[in-house]
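Examination of the molecular architecture
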Amino acid sequence: MATEGEPAALVKVLHLMILSSSWGMQLWMTFIAGFVLIRGVSRHTFGLVQSKLFPFYFYSVLGCAFLNLSIYATYHPRELLSPSESLQILLFFLCLVLAAVNAQWLSQSTNKTMLKMQEIEREHGLGDEVGRKEKREAYKALQEKDPKYKALRHKFFRDTMERMENGRIRISFQTEEEAEFRKGSLRHLWHLKEEECSMEGLFMDLEF
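Residues numbered from 1 in each chain as written. Predicted model: local features only at pLDDT ≥ 70, side-chain atom pairs only at ≥ 80, totals over all residues. Heavy atoms only, no water.

**Comments concerning a positive patch on the surface**
Worth spelling out the cut-off: Only residues whose relative accessible area exceeds 30% and that form no salt bridge are eligible for patches; like-charged ones are grouped when within 9 Å, while nonpolar side chains (Val, Leu, Ile, Met, Phe, Trp, Tyr) are grouped when within 5 Å. In these tables, accessible area is a Shrake-Rupley quantity obtained with a 1.4 Å probe, and a residue counts as shielded only by the protein chains included in the view. One speaks of a salt bridge when a side-chain nitrogen belonging to Lys or Arg is within 4 Å of a carboxyl oxygen belonging to Asp or Glu. Charge counting treats Lys and Arg as positive and Asp and Glu as negative, with His and both chain ends excluded. Here the site of a charge means NZ on Lys, CZ on Arg, CG on Asp, or CD on Glu. By the criteria applied, helices consist of DSSP H or I runs no shorter than four residues and strands consist of E runs no shorter than two, each listed in order from the N terminus.
Together, R39, K133, R136 and K140 line one region of the surface with positive charge. Among the structural elements, R136 can be located in helix α4 (residues 136-145).

Encoded structure:
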């Protein structure tokens, strides 16, 4: 149910925290965690860890996207939307759709493909090496020798790139959303701080 008027300070802070949490999770998982982990554990261990982390991560991002859209839509009735607010609603909705695609389809499809690839790799004594450069020639030879493995590998990387592209798009959307929302939230908090300082000055004057 839409609510007219300015949201309370607590609601603004909550919305900003949800936006920041979602943005931070996506930056960490997309650009940091995987690259650090692949250098310290075997390829199959890396795949197993990612297969456990990514479903939880994607559903967390989906939950944040839903809350972001719900909070913003609650305080911005459709009849009173300005062009910039309509754009914000659209961006929140697109983030929700992309998060749902990753959580419901791409993540599950990628995990299933990875497990099938690992079975074939294990049969050929691959998967226990640490890092991406070890036994690179052996993996290329396996692709040339086994058409099924080559097809699985192509599907795996295609789904992974689509998943990363969705994440990059969400990050670009949420960067714009967070910047605009942070400006409003900081202005409101600064106004509250000024009022607090004014009240403290008034009480000090009364004491004297």
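**So, the nonpolar core**
We apply this condition: Residues enter a nonpolar core if they are buried and are Ala, Val, Leu, Ile, Met, Phe, Trp, Tyr or Cys, with the set joined through side-chain atoms within 4.5 Å. When accessible area is computed with a 1.4 Å probe and restricted to protein chains, residues below 20% of their type maximum are described as buried, those above 50% as exposed, and intermediate ones as partly exposed.
Membership of the largest hydrophobic core comes to 16 residues, with the highest contact counts inside it found for M29, F54, Y57, F58, L62, F92 and L96. Those elements that provide at least two residues to this core are α1 (9-37), α2 (43-74) and α3 (83-123). For this core, the leading source of residues is α2, giving eight residues. Grouped together as the second largest cluster of nonpolar side chains are nine residues, M114, I120, L142 and F156 included.

**Some remarks on the pattern of salt bridges**
What the rule picks out here adds up to one salt bridge. A salt bridge links E129 to R43; the shortest N-O distance between them is 3.5 Å. In this pair, E129 is assigned in the loop between α3 and α4 and R43 in helix α2, connecting sequence segments 86 residues apart.

**Here's the deal with the packing of aromatic side chains**
We count it as follows: Here a pair means two rings of Phe, Tyr or Trp (six-membered ring of Trp) with centres within 6.5 Å. Their orientation is stacked below 30 degrees between planes, edge-to-face above 60, and tilted elsewhere.
In the structure shown here, the tally under the stated rule is four aromatic pairs. Note on Y57 and F58: the rings are 4.9 Å apart at their centroids and 40° apart in plane angle, and the pair reads as tilted. Neither residue differs from the other here; Y57 and F58 are each classed as buried. By way of ring pairs, the aromatic residues F54, Y57 and F58 are connected into one cluster.

**Examining the packing of α1 against α2**
Our working rule: Each axis is a line fitted through C-alpha atoms, taken for helices only over the stretch in contact, and angles between the N-to-C directions span 0 to 180 degrees. Reported orientations rely on four angle classes, namely roughly parallel under 35 degrees, roughly antiparallel over 145, roughly perpendicular from 65 to 115, and oblique for the rest. Here a crossing is taken to be left-handed if its near helix is turned anticlockwise relative to the far helix by less than a right angle, and right-handed if that turn runs clockwise. By the convention adopted, Pro, Cys, Tyr, Trp, Phe, Met, Ile, Leu, Val and Ala count as nonpolar, Lys, Arg, Asp and Glu as charged, and the other residues, Gly among them, as polar.
At a closest axis distance of 10 Å, the pairing of α1 and α2 adopts a crossing angle of 160°. Compared by their axis directions, α1 and α2 come out roughly antiparallel. Relative to α2, the crossing made by α1 is left-handed. Partitioned by chemical class, the residues of the contact of α1 with α2 number 17 nonpolar, eight polar and no charged.

**Let's talk about α3**
Counted only if it meets this: How far a helix is expected to stretch is found by multiplying one less than its residue total by 1.5 Å. The bend at a residue is defined as the angle formed between two axes, one fitted to the seven residues ending at that residue and one fitted to the seven starting there.
With 41 residues, α3 should reach 60 Å at 1.5 Å per residue; the first-to-last C-alpha distance of 58 Å fits that figure. N102 marks where α3 bends most, by close to 40°. Downstream of α3 by a residue or two, G125 has a phi angle that is positive, lying close to 70°.

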